[in-house]
Every structure is written in C-alpha cells, then in structure tokens.
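Spelled out from the first residue to the last, the chains are:
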Amino acid sequence: MAQAKIHQAKMTEAAKGKFSRSMSMADRSGRLLESLDQLEIRVEALRETATSMEQERECLLDMIQSIKNSEEMRSICDGEREELSLTANRLLGRTLTVEISVEIIRNATQEDALRKATSLIDELAAKLLDDMDGARKCLMALHAACVTEAPPVPIDTKFQTIVITCALEDQKKIKRRLETLIRNVDNAEKNIKIMDHQKVDDLNSANGK
C-alpha cells in the first residue's frame with residue numbers, strides 16, 4: 001500500500017512537471033509571436049518611410065528641372081543664369097546620388113499588367129516630340145484611368161483595366177509617372193510660347209515697332 005502511494009505521488013509530480021513545461025513553452029511562444037508582431041509593424045513602417053523618401057526624391061528632381069526650365073530663369077541676365085544653372089546642376093547631381101529601392105511583391109498576373117502599362121506609357125512618351133498636343137490628351141486619358149474621382153476628360157478604359165490588375169504600389173507609381181509627364185508637357189508648351197513671344201518681340205524691335 002505504501003509503495004502504491006509513493007508511485008502515485010511520483011506520477012502526480014511528473015504530470016505537474018510536464019504541465020508546467022507546457023505552460024512555459026506556451027508563454028515563450030506567445031512572447032515570440034508578440035515580438036514578431038511588433039517587428040512586422042516596424043518593417044511596414046520602414047517600407048512606408050522608404051516609399052515616402054522615394055517620392056521625395058522624385059519631387060526634388062522634378063522641382064529642380066522645373067526651375068532650370070522656368071520663365072524666371074530665362075528672363076535673368078546670362079551671368080546670373082549661368083551661376084544659378086551651376087547650382088541647380090549641383091543639386092541635381094547630389095539628388096541623383098541618393099538611390100532608394102523598395103521591391104514590390106507581385107504575382108504573375110500583376111507582373112504582366114505592369115509590363116503592359118509601362119509599355120503603353122513608354123510608347124506615348126516617345127511620341128511627345130512629334131505630337132505634343134495629341135500626346136497630352138492621351139496622357140490625360142491614361143491619368144483619368146488612375147483616379148477614383150470622376151475626371152473631366154475621357155477615360156482610357158483599356159488602360160484602366162490594366163492598371164486595376166497591377167499591385168497597389170505599382171498603381172501609385174504609374175499615377176505619379178503620368179502626372180510627371182503631364183507637368184513636363186505643360187512646362188514644355190509654356191516654354192515654347194515664351195520663345196515664340198520673344199521671337200515676335202525681337203522681330204518687332206528689328207522693324208522699329
């Protein structure tokens with residue numbers, strides 16, 4: 001009888017020890033999961049920060065180019081323009097030394113959609129010099145396919161179908177690229193008008209008007 005009680009007590013202690021170890025493993029697993037959850041938040045924050053920096057880089061490059069091609073830059077004297085151009089080129093070079101890359105995870109369908117969207121934009125960008133006005137209308141139609149609010153211009157529904165299939169991050173990049181191209185077209189048209197106006201003024205001056 002005594003031996004039976006001793007054996008039962010040992011079995012009870014063993015069971016308690018096993019239960020205690022199981023609880024300890026569960027606690028450990030919970031802590032690890034909590035740590036990974038916190039790290040996931042930081043990883044996503046890192047990606048968002050890097051994406052914001054990438055957008056800031058694009059914005060800076062666009063602003064520097066806009067200043068270089070601005071009407072104000074054309075209206076100042078040659079010496080000042082040369083000095084300011086050197087400063088702008090220096091800033092442009094320093095900005096280009098910053099390389100930021102956020103890899104976007106895509107499936108096969110999204111990869112194919114991105115290739116199609118990029119190809120359409122590239123083809124349109126190549127036609128800008130030949131038909132700036134027509135290319136701008138096409139760019140506006142592509143951009144209208146990327147926005148949620150009702151645009152005041154026709155929508156390229158074929159392009160819209162392609163863009164919707166792209167990854168969300170790619171959709172944002174496509175929209176930003178189209179906006180940059182449209183701004184560049186607007187600036188180019190403005191510069192052409194300025195140059196035409198200057199030619200008329202020069203002609204009038206030559207004719208004594």
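The structure presented is a predicted model; accordingly, all values stated were derived computationally and were not measured.

## Describing helix H6 (residues 157–165)
Here is step 1: When H6 is considered as a whole, its buried residues turn out to be Phe159, Ile162 and Val163. Looking straight down H6, one finds its buried side chains confined to an arc of 95 degrees; they lie on one side. Exposed residues lying more than 90 degrees from the buried face of H6 are Thr157, Thr161 and Ile164.
Here is step 2: For H6, the capping residue at the N-terminal end is Asp156, with a side-chain oxygen 3.2 Å from the backbone nitrogen of Lys158.

## As for the packing of helix H4 (residues 108–126) against H6
Here is step 1: Between H4 and H6, whose axes approach to 8 Å, the crossing angle comes to 140 degrees. Overall, the two elements H4 and H6 adopt an arrangement that is oblique. By crossing handedness, the relation of H4 to H6 is classed as left-handed. Within the contact between the two elements, H4 uses Thr109, Gln110, Ala113, Lys116, Ala117, Leu120 and Ile121 and H6 uses Phe159, Ile162 and Thr165.
Here is step 2: Along the lines of polarity and charge, the residues of the contact of H4 with H6 split into six nonpolar, three polar and one charged.

## As for the environment of Cys59
Here is step 1: Turning to its location among the elements, Cys59 is positioned in helix H1 (residues 2–68).
Here is step 2: Judged by relative accessible area, Cys59 falls into the partly exposed class, the value being 36%.
Here is step 3: Separated by 117 residues in the primary sequence, Cys59 and Arg176 place their C-alpha atoms 9.9 Å from one another.

## Side note on helix H3 (residues 78–96)
Given 3.6 residues to a turn, an α-helix orients residues that are three or four positions apart in the same direction.
Here is step 1: The end-to-end C-alpha distance of H3, which contains 19 residues, comes to 26 Å, matching closely the 27 Å that a straight helix rising 1.5 Å per residue would cover.
Here is step 2: Along H3, the positions that sit buried rather than exposed are Ala88, Leu92 and Thr95. All buried residues of H3 fall inside an arc of 60 degrees around its axis, so they share one side. Looking at H3, the residues exposed on the side facing more than 90 degrees away from the buried face are Glu82, Glu83, Leu86 and Arg94.

## Here's the deal with the side chain of Gln110
Here is step 1: For Gln110, the position within the fold is in helix H4.
Here is step 2: Leaving out residues up to four positions away in the same chain, Gln110 has contacts with Ile105, Thr165, Cys166 and Ala167.

## Remarks on the pattern of salt bridges
When their charged atoms lie close together, side chains carrying opposite charge are able to pair.
Here is step 1: Overall, the coordinates contain twelve salt bridges when judged by the stated rule.
Here is step 2: Arg81 is paired through a salt bridge with Asp78; the nearest N and O atoms lie 2.3 Å apart. Highlighted residues: Arg81 and Asp78, both in helix H3, separated by three residues, approximately one helical turn.
Here is step 3: As a salt-bridge pair, Asp112 and Arg115 come within 3.7 Å of each other at their nearest N and O atoms. Here the residue Asp112 and the residue Arg115 both occupy positions in helix H4, the gap between them amounting to three residues, near one helical turn.

## Details of the UniProt feature "coiled-coil region" (unreviewed entry) in the protein chain
Here is step 1: As recorded in UniProt, the sites labelled "coiled-coil region" (unreviewed entry) are residues 29–63 and 168–198.
Here is step 2: Within the segment residues 29–63, helix and strand shares are 100% and 0% respectively, and the terminal C-alpha atoms sit 51 Å apart.

Rules and cut-offs
Residues numbered from 1 in each chain as written. Predicted model: local features only at pLDDT ≥ 70, side-chain atom pairs only at ≥ 80, totals over all residues. Heavy atoms only, no water. Buried < 20%, exposed > 50% of the residue type's maximum accessible area, 1.4 Å probe, protein only. Helix = DSSP H or I, 4+ residues; strand = E, 2+ residues; numbered from the N terminus. Arc of directions from axis to C-beta. Polar contact = N/O pair within 3.5 Å; in protein donor to acceptor, adjacent residues only side chain to side chain. Axes fitted to C-alpha atoms, helices over the stretch in contact; angles between N-to-C directions. Parallel < 35°, antiparallel > 145°, perpendicular 65-115°, else oblique. Left-handed = near helix turned anticlockwise from the far one by under 90°. Contact = heavy atoms within 4.5 Å. Nonpolar A, V, L, I, M, F, W, Y, C, P; charged D, E, K, R; others polar. Expected span 1.5 Å × (residues − 1). Salt bridge = Lys/Arg side-chain N within 4 Å of Asp/Glu carboxyl O. UniProt positions renumbered as here; feature names shortened; annotations may be inferred.

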